[in-house]
Amino acid sequence: MLTQLHIENVAVIERMTVGFGRGFSALTGETGAGKSILIDSIKLVLGERGTRDLIRAGAKSAYVSAIFEELSAPVLAQLAQRGVSPDENGALLIEREVALDGRGQARMNGRPTTVSLLREIAGYLINIHGQHDNAVLLQPESHIRFLDSFAENGVLLERYRALYRRAREIKRAIREISTDAEQRAARIDLLTYQVGEIEAAELRPGEEEELRERLALLKNGARIGRALGAAAEALADDERGAAALLSEAERALRDCAGLSPELETLHGRLVELELEASDAAAEAVTLLDGLAFDETELEQTSDRLEVVLALARKYGGSVSAALEYGEQGRRELEQLDRSEEQTDELRLELRSCLAELKTAAGALTESRKKAGALLEKRIMEELSSLDMGRVRFHAGIEIFLANGEVRYTVDGADRVEFLIATNGGEEPKPLAKIASGGELSRIMLAMKTVLAAEDEVDTLIFDEIDTGVSGRAAEKIGRKIGCISREKQALCVTHLSQIAALADHHYLIRKEEREGRSSTTVQELDFEGRKKELARMISGERITETALHAAEEMLKSQER
């Protein structure tokens, strides 16, 4: 349960710390005192979106922290799944800060966390019911969610929605194949031409470089031949060639090479140079003999290089890119050629998926009908205790049909709408056509009471659910919240003395002027304080003795 709330620089609240206890706590105060800001602060610390508008004028950031104690098993399990542990006292501290520059921080027990994680945990800590929920109750599309929550259809819905998503994916795939037939045919024609063009060219990796080198040789053939011939002659001429002259020098030193180490070294070098010159001469002759330059080869090589360069430019900028494009094109053609086969396979899969979807939807319908009958009974019991004993509540469940066929939606094949009849002999009709504001408040409270019995959330907050009610009905609402508070912590923002008088704890929210600036404070009231506040709620700004006496009687009656 929520045991402490600390707020700094949120709207008109400069700094405030308030502790909450077990049971039923009423929060009251004049209009504009800051009651809604208190609730907004709780929402902020539980992960709702924080904006710069929340930050008190002149402050750089807003800060809210909340302490939860006596954590339930579901909360502990959720925390454990996310790697968060309670402190040594078994408590959970949540902190949230929103800065003017748009940055923010969130922590759980001192460790940084994300706002999305706060939102996930929030559903296990607090359930907030406000006037907005009454408006939601008028929207038939929301009724199926209420019923599923009561029926605990989470697992059935998860199974159904997985099948629903898969069926939609298969239908989309079939539609894409079917509706793009012309585009597919055009694509096949284009790819067939492109792949054929690349394959016909018989490109080889590295071919462009080879052709450039060969073309350079062919274009400079005569000059290369002359150079090789001259080099071979200079090296291998029998009388004047380098090899012959080196051989002559070697012979001149051969007989005296052993006379000194220097002569022997020089002789060895001459031997090596003679061998190198002979090898170079032989290689020059071989290269010269291998030259077969002719205009035909030059023309063919030039033409081939033009083809290779054109395909490279057309399909990626290089021979390797063109080859990869051709390979991808072949794979895509194979897939396109299999499209009819794929369509048949998808249609078979769709039939199987739809059969499973129908079964899953049927399971949901059966669960909803069973839960609907029980929900009707439970809500009418609660409405009876709220002075609406003549009201008949009906959870209308019917198969969703469109043009005579079952229509499957993300929520199944059912349409759910809550109907009521406020007078005997009348047929139940939609809430929006029948219920007044006060009746809506009590119907929603009845639903919250029923759902809370199934819910494992420890803290419920009722934000001005007394809209449109007064007198006896208000007292009934207060007593109903009191019943809820025996099992769960209940906080109620109210304008009605009949409800506030029934609370175990009473907090006054008041706006004060401090140094020319407004600031909101929260104070837990003792008996005398409660009496004065109830009297104000009864008589208005001018508190009369009659109002004080009535307030005292209300409190004493509650004590009895």
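Refer to the preceding data block for the structure.
Quick caveat, the model's predicted, so the values are computed rather than measured.

A.B. asks: Explanation requested: the environment of Val 307 in the structure shown.
C.D. replies: With respect to the secondary-structure elements, Val 307 resides in helix 12 (residues 295-314). Overall, the relative accessible area of 40% leaves Val 307 in the partly exposed class. When the C-alpha atoms of Val 307 and Leu 203 are compared, they prove to be 9.6 Å apart, with 104 residues separating the residues in sequence.

A.B. asks: Which parts of the structure should I look at to understand the packing of helix 5 (residues 140-151) against helix 14 (residues 339-385)?
C.D. replies: Between two packed helices, both the angle of their axes relative to each other and the distance between the axes serve to describe the pair. Contact geometry of helix 5 with helix 14 gives a least axis separation of 9 Å together with a crossing angle of 90 degrees. Viewed along their axes, helix 5 and helix 14 adopt a mutual orientation that is roughly perpendicular. Contacts between helix 5 and helix 14 pair Ile 144, Leu 147, Asp 148, Phe 150 and Ala 151 from the former with Ser 367, Arg 368, Ala 371, Gly 372, Leu 374, Leu 375 and Arg 378 from the latter. The residue inventory of the contact of helix 5 with helix 14, partitioned by class, reads seven nonpolar, two polar and three charged.

A.B. asks: Explanation requested: the sheet that holds strand 5 (residues 92-99) in the structure shown.
C.D. replies: Consider a sheet: its strands pair through backbone hydrogen bonds, and that pairing is either parallel or antiparallel. A sheet is described by the order of its strands in space; here six strands give the open sequence 2-1-4-5-6-7, paired in antiparallel fashion. A strand with exactly one partner marks an edge of an open sheet, and here the two such strands are strand 2 (13-19) and strand 7 (111-112). Bridge analysis of strand 1 (residues 2-10) against strand 2 gives six bridges, and the strand direction is antiparallel. Residue pairing across strands places Ile 7 opposite Met 16, the latter belonging to strand 2. The strands touched by helix 1 (residues 35-45) within the sheet are strand 1, strand 2, strand 4 (61-68) and strand 5, with strand 1 carrying the most contacts at an inclination of about 105 degrees.

A.B. asks: Please explain a nonpolar patch on the surface as it appears in this structure.
C.D. replies: Taken together, Ile 399, Leu 401 and Val 406 make up a surface patch of nonpolar side chains, about 240 Å² in accessible area. By the element assignment, Val 406 lies in strand 11 (residues 405-406). Of the residues examined, Val 406 reaches a relative accessible area of 39% and is grouped as partly exposed.

A.B. asks: What's the story with helix 13 (residues 319-337) in this structure? I'm lost.
C.D. replies: Residue pairs spaced three or four apart in an α-helix point in one direction, given the helix's 3.6 residues per turn. For helix 13, with 19 residues, the first-to-last C-alpha span of 27 Å sits near the 27 Å given by 1.5 Å per residue. What helix 13 keeps buried is the set Val 319, Ala 322, Gly 326, Gly 329, Leu 333 and Leu 336. Along helix 13, the residues classed as buried sweep out an arc of 100 degrees about the axis, all on the same side. Exposed residues pointing more than 90 degrees away from the buried face of helix 13 are listed as Ser 320, Glu 334 and Gln 335.

Rules used throughout
Residues numbered from 1 in each chain as written. Predicted model: local features only at pLDDT ≥ 70, side-chain atom pairs only at ≥ 80, totals over all residues. Heavy atoms only, no water. Helix = DSSP H or I, 4+ residues; strand = E, 2+ residues; numbered from the N terminus. Buried < 20%, exposed > 50% of the residue type's maximum accessible area, 1.4 Å probe, protein only. Axes fitted to C-alpha atoms, helices over the stretch in contact; angles between N-to-C directions. Parallel < 35°, antiparallel > 145°, perpendicular 65-115°, else oblique. Contact = heavy atoms within 4.5 Å. Nonpolar A, V, L, I, M, F, W, Y, C, P; charged D, E, K, R; others polar. Pairing = 2+ DSSP bridges. Patch = residues over 30% accessible without salt bridge, like charges linked within 9 Å, V, L, I, M, F, W, Y side chains within 5 Å. Areas by Shrake-Rupley, 256 points an atom, 1.4 Å probe, with all protein chains shown as cover. Salt bridge = Lys/Arg side-chain N within 4 Å of Asp/Glu carboxyl O. Expected span 1.5 Å × (residues − 1). Arc of directions from axis to C-beta.

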